[in-house]
Amino acid sequence: MITVEATLTPTTLAEALEMRAAHPGSVPIAGGTDLMVELNFDRRRPERLLDLTRVPELAELGRDDGAVHLGAGVTYTGIVERLGAAAPALAIASRTVGSPQIRNRGTVGGNLGTASPAGDALPPLVASGASVEVASARGRRTVAAADFCVGPKRNVLDADELIVAVDVPAARGPQQFAKVGVRNAMVIAVCSFALAVDARSRRVTTAIGSAAPTVVSAPEAEAFLAGALDERDGWDRPARLGEAELARFGDLVAAAARPIDDVRGTVAYRRHALAVLARRALDWAWTDYARSWA
Amino acid sequence: MRIALNVNGEPREVVAAWEGESLLFVLRERLGLPGSKNACEQGECGSCTVYLDGVPVCACLVLAAQADGREVLTVEGIAAGDELHPVQRAFVECGAVQCGFCTPGLVVAAHALLEANPDPGDGEIREALAGNVCRCTGYEKILEAVRVASAEMSR
């Protein structure tokens, strides 16, 4: 067994970045909801842990220029309590994470760091056009949430970098998130879907979770919907969408997925469920738009 | 490694804890507080629920070093001396205990719910306890105990 060296416990971001640079083999830990499982089960023995829970910069939650600045260490409970209006899809998704105990510890930074395609926060970030702020002792950079994960459990983070925050454009229309699992609480998504209606730019954007190597959007479904709405002046005179349109949208979302068979579900089930989730999410969001936003 | 934390109102110190160990391990194996149960070690079952700085968490998912300098309240600290807390009394009165293994976690989770929301509806109770698993599946009695404790506490 490899001995774990003394845990690093920075109390400022600058200190955390220096420590990260000095110990590239260190593994950052925030809420621990993924990493502690690996330690408890002896699946992983990192040479050092870098505890980020005492870095105040990572717990910041603010708003400027029409965007929410969400520190990487803000918990899902914090998001549910404070971002229901500004980032509804993210707040809905956060409410489906684990259990109260898990939501009290888990963070969006952790979801991005783990980079599982099943991370509940990821589809809302991609659908709402969020960007990820990354920092190292060398400087800062911003990566689109859609480009942050590059494969299952793989992201663009360099060995000396930390995820600092996520900037989420404040919602300019209804948003939805829906997920399938074997029960309401404590499930890893079999598949999930997020959708954002932007009443200003007149676009509907999508993202699919847990049904491709990374979270992906469904551009053909978005284009189909844009065309259907243009054709009948849908943005200015919105009406509920017809069954055929909703079904077509759902099918195009399902077609954009690249699911696999695994312990949680089959390819066929995931595609079927995604079509249903997408159809419903669009119906909910568009009905909301017609009622309150147009 | 040496960590100093406050547990159930008392300052405690732990020496030579392994860097990767959990708060749950520290509580049970190093501080002699076996009330918090060790079952799944992955945050699924809620049997190890404790308060960390006033927030209910799974102790198995907290790195011991993260609890350094913090306040922990375990199920052992819920009662006021020999006087059971209304939540504990309600679990006894309602027979909301079968094998008893999940009980400590449920007591802490129910305590946290009623502290925040003294008069919860059934939906709120179910959601608040969704992270606590009872494998004897005695959920009806557990829900009843929370309702009884709620009535007692809001009286």
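Residues numbered from 1 in each chain as written. Chains lettered and ligands numbered in written order. Predicted model: local features only at pLDDT ≥ 70, side-chain atom pairs only at ≥ 80, totals over all residues.

Colleague: So what about the overall build of chain B? Which residues, and what values?
Modeller: Helix and strand counts for chain B stand at five helices and five strands. In sequence order, chain B lays out its α and β elements as β-β-α-β-β-β-α-α-α-α. Its C-alpha atoms give chain B a radius of gyration of 15 Å, within 12% of the compact-globule value 15 Å for 155 residues. Projected onto the principal axes, the alpha-carbon positions of chain B cover approximately 45 × 30 × 25 Å. Buried residues in chain B amount to 48% of all 155 residues. (Helix = DSSP H or I, 4+ residues; strand = E, 2+ residues; numbered from the N terminus. Rg over C-alpha atoms; globule rule 2.2 N^0.38 Å. Buried ≥ 20, exposed ≤ 12 C-beta atoms within 10 Å, placed from the backbone.)

Colleague: Give me the lowdown on the overall build of chain A, citing residues and values where you can.
Modeller: Along the backbone of chain A there are eleven helices and twelve strands. Against the 2.2 N^0.38 benchmark of 19 Å for 294 residues, chain A shows a C-alpha radius of gyration of 19 Å, consistent with a compact globule. Viewed in the frame of its principal axes, chain A has a C-alpha envelope of about 65 × 45 × 30 Å. Counting only residues that meet the buried cut, chain A has 50% of its 294 residues in that class. A sequence separation of at least 24 residues applies to 66% of the contacts in chain A between residues at least 6 apart. (Contact = placed C-beta atoms within 7 Å.)

Colleague: Can you lay out the sheet that holds strand β2 (residues 10–15) of chain B for me, pointing to particular residues and giving the numbers?
Modeller: Picture the strands of a sheet paired through backbone hydrogen bonds; they go either parallel or antiparallel. All names here are of chain B. In space, the five strands of this open sheet follow the order β2-β1-β5-β3-β4, with mixed pairing throughout. In this open sheet, the two edge strands, each paired with only one partner strand, are β2 and β4 (55–58). Here the strands of the sheet are splayed against their neighbours by 40° on average, with no regard to which way each runs. The strands touched by helix α3 (residues 103–116) within the sheet are β3 (49–52) and β4, with β3 carrying the most contacts at an inclination of about 45°. (Pairing = 2+ DSSP bridges. Axes fitted to C-alpha atoms, helices over the stretch in contact; angles between N-to-C directions.)

Colleague: Any chance you could break down helix α10 (residues 243–256) of chain A for me, citing the residues and the numbers?
Modeller: With 14 residues, α10(A) should reach 20 Å at 1.5 Å per residue; the first-to-last C-alpha distance of 20 Å fits that figure. Restricting attention to buried positions, one finds in α10(A) the residues Leu246(A), Phe249(A), Gly250(A), Leu252(A), Val253(A), Ala254(A) and Ala256(A). (Expected span 1.5 Å × (residues − 1).)

Colleague: Break down the domain arrangement of chain B for me, citing the residues and quoting the values.
Modeller: Residue and element names in this part refer to chain B. Here chain B is described as being made up of domain 1 (2–77) and domain 2 (86–153). Between domain 1 and domain 2, the C-alpha centre-to-centre distance is 21 Å. Every contact between the two is made by 14 residues of domain 1 and, on the other side, eleven residues of domain 2. With three residues, the single largest contributor to the side of domain 1 that touches domain 2 is β3. Partitioned by chemical class, the residues of the side of domain 1 that touches domain 2 number seven nonpolar, five polar and two charged. (Domains from an automatic or database assignment. Nonpolar A, V, L, I, M, F, W, Y, C, P; charged D, E, K, R; others polar.)

Colleague: Account for the interface of chain A and chain B, naming residues and giving values.
Modeller: The interface is formed by 26 residues belonging to chain A together with 24 residues belonging to chain B. Going through the elements one at a time, α2 (35–40), β2 (48–51) and α5 (100–103) of chain A are the ones with two or more residues in the side of chain A that touches chain B. Tallying contributions element by element places α2(A) first for the side of chain A that touches chain B, with four residues. Split by residue class, the side of chain A that touches chain B holds twelve nonpolar, eleven polar and three charged.

Colleague: Explain the domain arrangement of chain A residue by residue, including any values.
Modeller: All names here are of chain A. The domains assigned to chain A are domain 1 (13–51), domain 2 (56–169) and domain 3 (175–293). Here the C-alpha centre of domain 2 lies 18 Å away from the C-alpha centre of domain 1. At the junction of the two partners, domain 1 supplies 13 residues and domain 2 supplies 20 residues. The element that contributes the greatest number of residues to the side of domain 1 that touches domain 2 is helix α1 (residues 13–22), accounting for six residues. Across the side of domain 1 that touches domain 2, the residue classes break down as seven nonpolar, three polar and three charged.

Colleague: So what about the nonpolar core? Which residues, and what values?
Modeller: All names here are of chain A. Among the nonpolar cores identified, the biggest contains 139 residues, and Val253 and Leu274 are the most heavily contacted of them. Sort the elements by how many residues they give to this core and helix α11 (residues 267–293) lands first, with nine residues. When neighbours within four sequence positions are excluded, valine 253 is seen to be in contact with Phe193, Thr206, Ile208, Ala218, Ala221, Leu274, Ala275 and Ala278. (Core = buried A, V, L, I, M, F, W, Y, C linked by C-beta atoms within 7 Å.)

Colleague: Just give me the short version of the sheet that holds strand β4 (residues 67–71) of chain A, but keep the residues and values in it.
Modeller: Residue and element names in this part refer to chain A. Spatial ordering of the open sheet is given by β3-β4-β9-β5-β6, a layout of five strands whose pairing is antiparallel. Two strands bound the open sheet, and with one partner strand each, they are β3 (61–64) and β6 (139–144). Going across the sheet, the axis of each strand differs from the next one's by a mean of 25°, ignoring polarity. Two elements, strand β5 (residues 131–136) and strand β9 (residues 162–169), share five bridges in a ladder whose sense is antiparallel. The partner of serine 131 across the bridge, within β9, is aspartate 167.

Colleague: A description of the pairing of β2(B) should follow, citing residues and the corresponding values.
Modeller: Residue and element names in this part refer to chain B. Note that strand β1 (residues 2–7) and β2 share six bridges and pair antiparallel. Its bridge partner lying in β2, asparagine 6 is registered against proline 11. Counting the residues in the hairpin turn of β1 and β2 gives two residues, including asparagine 8, whose phi is positive at 50°.

Colleague: Kindly report on helix α2 (residues 86–94) of chain B, identifying the contributing residues and their values.
Modeller: All names here are of chain B. Burial in α2 covers these residues: Pro86, Val87, Gln88, Ala90 and Phe91. Buried residues in α2 make contact with α3 and α5 (139–153). A positive phi of about 65° marks glycine 95, the residue just after α2.

Colleague: So what's going on with the packing of α2(B) against α5(B)? Residues and values would help.
Modeller: Residues and elements named next belong to chain B. α5 packs onto α2 with a crossing angle of 135° between their chain directions and a minimal axis gap of 8 Å. Judged by the angle between their axes, α2 and α5 are oblique. Classified by chirality, the crossing of α5 by α2 is right-handed. Contacts from Pro86, Val87, Ala90, Phe91, Glu93 and Cys94 of α2 reach α5 at Lys141, Glu144, Ala145, Val148, Ala149, Glu152 and Met153. Grouping the constituent residues of the contact of α2 with α5 by class yields nine nonpolar, no polar and four charged. (Parallel < 35°, antiparallel > 145°, perpendicular 65-115°, else oblique. Left-handed = near helix turned anticlockwise from the far one by under 90°.)

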